Structures are given as C-alpha cells and as structure tokens.
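# Observations on the model geometry
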Amino acid sequence: MNNVGSEIEETPLSASGTAPDVAGFVDLTQHEIQALKTRWNLADAHTHQRQSAGQDKIVARLPDLWYESEENQQAYFERRFIDAFFRLHKQPTAAAAGKTWLSYSASVSTMVAAMYLMQRNMSVGLIEPCFDNLVDLLKHMKVELTALPEESLADPARIYANLSTLETDALYLVDPNNPTGFSLLQYGMDGFREVIRYCKDNGKLLMLDLCFASFALCDEKIGRIDIYKLLEESGVSYMALEDTGKTWPVQDAKCAMLTVSDDIKEEVYNIQTAVLLNVSPFVLNFLTQYVEDSIEDNFASVRDVITDNRAMAVKAIQGTVLEYVEPVVNTSVAWFRIKPEDLTASELQERLLQDEVYVLPGTYFYWNDPAKGERYIRVALARRPGTFACAMHRMREVLLGYER
C-alpha cells in the first residue's frame, strides 16, 4: 500500500487542475496528448511501465552502447536489429529476404505506404474498428476508403465470400487489431490463407499492420506463423508493417519495419528514400538489446505486466456498467462495452476525466460509423502496476455511481 501511495504522489496533476474540454478534439492523438498531462493516463498504448531486472542492466550499459554505435557502420546495426527482431518473432522468411526498410515510427512507415497508394490512385478497404491515425494518414494522402467490418473475418469459411463485396484496389488489415484484439491467428494459417487467396485471385494489394504482433507471441494459445512465407509463396502483392513501439519501455525510442513484395519493391523504395535516410544506429543498438532480452526471458518482462494489469481491470469493472470484451489476443489494451443504452462513451470519458482518469472513447476507432463506438471505451494496460491499481480504484468508484 505504501508503494501505491508513493506512486500517486509522484504522478502530476493535470496542468490546469480541472478537467479539460475534450469535446472538440478531432482525433485520438489529441486525446492522448492531453492524457499525458493527466494524473492517470490510460489513453495511449505506448509503454509506460518500468524496467525489468534484465532491462535495468541494458539501461546501465547505455554509455557503452553509445560509443559502440560510433564504431561500426550503419548497415551492421540495421542487419543485427532486423535479424534479432525477426528471430524473436519467428519470421525467418522476412529475415532472409533482405528487403525490410526501417523508420523511426509506424506512422512514418504508414505514410510511405499511403504515398504509394496516392501515387497510384488506389482505393483501400480498411478494417473497422481500428486506430484512427491509419485513417487520417490515408485521408491526408487523398486515398479513398471503404470500411471492412471486422466481423467479415470471423469465419474462415466465409472470408473469401465476404471480401468479394469489396470494390477497392487494396485491402488493409490490422492483426492483432487495435482496439479489439481480434486476430486471424486464431485459425492458424487458414484465415490468412483465405485473405491472401482472395487478394491474389482478384489482383488486390494486401496491406498488413502487424504492430501488435508481439502480444500474439506473448499469448501461449496463439503465437505467430511465418506470415512472410505465405505471402512470398503466394505471389500476392503486399506491404507488411511491424513495430517495436508498443512492446518495450524504451521512452519512445522505437523502430518500425516495412517489408514489401518484389513487384512493388522499387517504387516503394523510391518513396522510402525520399522520406528518410536512416534510423539512429544508437537506437538500433539499444533496441536490439531489448529484443535479445525478450528472447532470453521468453517475453516475460512484457507479458507479466500486461497480464497483471488486465486482471486488475477486469476485476475493477465487475458489477458496474462496463462489460469486458474478451479478445482473441491479449494485447496491451482492454476493450470494454458500455451496458446501459442511455450511457455513451463520450459521456463516460468526460465523467472519468473529472476524476483524472483518462480513457479513450470508441467513437474514433469506429472511423466510418462513430455511433457504434459510443458503446465502447479502451483502456491502455502498459503501465506501472501500482499506478494502474490506483487508477482502477478511482475508475471503479466512478462506475459504481451509475445505475446498472
């Protein structure tokens, strides 16, 4: 209890001391920026937990890693990072292909992909719900979007037929999905095979956002398949995006990876080089240590804090107006359905914010039909457990004030 209390004292109040007016925010990132100023930030899915024992040793070596990064070529650190990352993620085909390009963030890699779509005037069928910055980046590039309901992928036997209703040039999936935790990985290779078969048969570009894939590895009942082997053997046109940003507590020193099929490699590479020269060799060296640490501890440092905080969150909402939505993959966020029809996510978010608990409403995730999102809120789990426990206690007190 003393540790919990000290964590409350160390966490600053919101800048103004009063709940801000969030009604005019236009995207989730604006909410997340405000949440960074709030006592209990449960908004962004970035990693805010503390270091594990193994990770503490990496931090202690930062000066050595800095000077080591001055002594070798850029290509050395790129290759070592890519090899370690794909070894951890059990993607030997991608590691051997030698056509993965690095960026400072998933948003930068997504922007490269969006620029390719814009140049070719391609329309996109995008999964709904999903994190709204995917939508915004595509819209800013004037890419025409059509919503693909996540439920369309729920039955492998129906995937091909359900996708056949799409009239877009590309299909864009997030797997595991943010915020729901849905994943085709629950079907082994069958679900992805059907998606790939549809795209190949119909000449569609397949785009895969795999930024939450580390949590599939953390989940013993799921794991990962060598998705790049399926993609390469099929001959489908594809772009696949991976990221470190949601996995390790590295103060947002992250790296994203974009891997593409051979038929579009030259065009996408020319866009990539127009956007970025390289990722810092120090950041790559630093991140490689975290990847190797997770190989050594079998993801325990990542999995344990998420598991514990998820259990706290599920317990906190029992007997309240919220209902936990069971995910396929236990990612670093939890998705809750609001039971009373007369209570909206926007209203609940604002009420929680009065007590300095910042959660995200589902409206922005349902980018094509925000009204559906009024039934849900999202809670980020990658937090210091003591601080998270305090936030859950405060959140439960607020929730119990509503009639069930």
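Above: the structure in question.
Below is a summary of the structure that appears in this document. Remember, predicted model here, so these are calculated numbers, not experimental data. (Residues numbered from 1 in each chain as written. Predicted model: local features only at pLDDT ≥ 70, side-chain atom pairs only at ≥ 80, totals over all residues. Heavy atoms only, no water.)

On to the sheet that holds strand 2 (residues 100–103). Overall, mixed pairing links the 7 strands, which are arranged 2-8-7-6-5-3-4 in an open sheet. Every other strand in the sheet has two partners, leaving strand 2 and strand 4 (145–149) as the edge strands with one partner each. Strand-to-strand twist in this sheet, taken as the mean axis angle between neighbours without regard to direction, amounts to 20°. Pairing analysis gives 5 bridges linking strand 3 (residues 124–128) to strand 4, with the strands arranged parallel. Bridging across to strand 4, L126 finds its partner in A147. Along the sheet face, helix 10 (residues 190–201) touches strand 5 (170–174) and strand 6 (205–209) and points at about 145° away from the line of strand 6. (Pairing = 2+ DSSP bridges. Helix = DSSP H or I, 4+ residues; strand = E, 2+ residues; numbered from the N terminus. Axes fitted to C-alpha atoms, helices over the stretch in contact; angles between N-to-C directions. Contact = heavy atoms within 4.5 Å.)

We now examine the sheet that holds strand 13 (residues 376–380). Ordered in space as 9-10-13-12, the 4 strands form an open sheet in which the pairing is antiparallel. Looking along the sheet, the strands with just one partner apiece sit at the ends: strand 9 (322–324) and strand 12 (360–361). Of the pairings in the sheet, the one linking strand 12 to strand 13 comprises 2 bridges and is antiparallel in character. When the sheet's bridge partners are listed, P361 is paired in strand 13 with I377.

It is worth spelling out the pairing of strand 5 at this point. Within a regular beta strand, the side chains point alternately toward one face of the sheet and then the other, so they alternate between its two faces. Most of strand 5 sits inside the fold, with 5 of its 5 residues counted as buried. Of the two faces of strand 5, the one holding A170, Y172 and V174 and the one holding L171 and L173 are both buried throughout. Relative to strand 5, strand 3 runs parallel, the two sharing 3 bridges. Looking at the pairing, G125 lines up with L171 of strand 5. (Buried < 20%, exposed > 50% of the residue type's maximum accessible area, 1.4 Å probe, protein only.)

Next up on the list: the side chain of T100. Looking at the element boundaries, T100 is found in strand 2. By relative accessible area, which is 11% here, T100 ends up buried. Within polar-contact distance, the side chain of T100 engages the side chain of T259 at 2.7 Å. For T100, the contacting residues outside a window of four places in its chain are I82, F86, A94, M257, L258 and T259. (Polar contact = N/O pair within 3.5 Å; in protein donor to acceptor, adjacent residues only side chain to side chain.)

Moving on to unusual backbone geometry. At the junction of E128 and P129, the peptide bond is cis and its omega measures out at 5° in the coordinates. Note that P129 resides in the loop between strand 3 and helix 8 (132–140). A cis amide bond links D175 with the next residue in sequence, P176, at an omega value of -5°. Locating P176 in the fold gives a position in the loop between strand 5 and helix 10. One non-glycine residue, N121, lies in the positive phi region at around 55°. Looking at the element boundaries, N121 is found in the loop between helix 7 (106–119) and strand 3. For N121, a relative accessible area of 67% puts it in the exposed group. Despite not being glycine, F299 shows a phi value in the positive range, around 70°. With a relative accessible area of 3%, F299 lands in the buried category.

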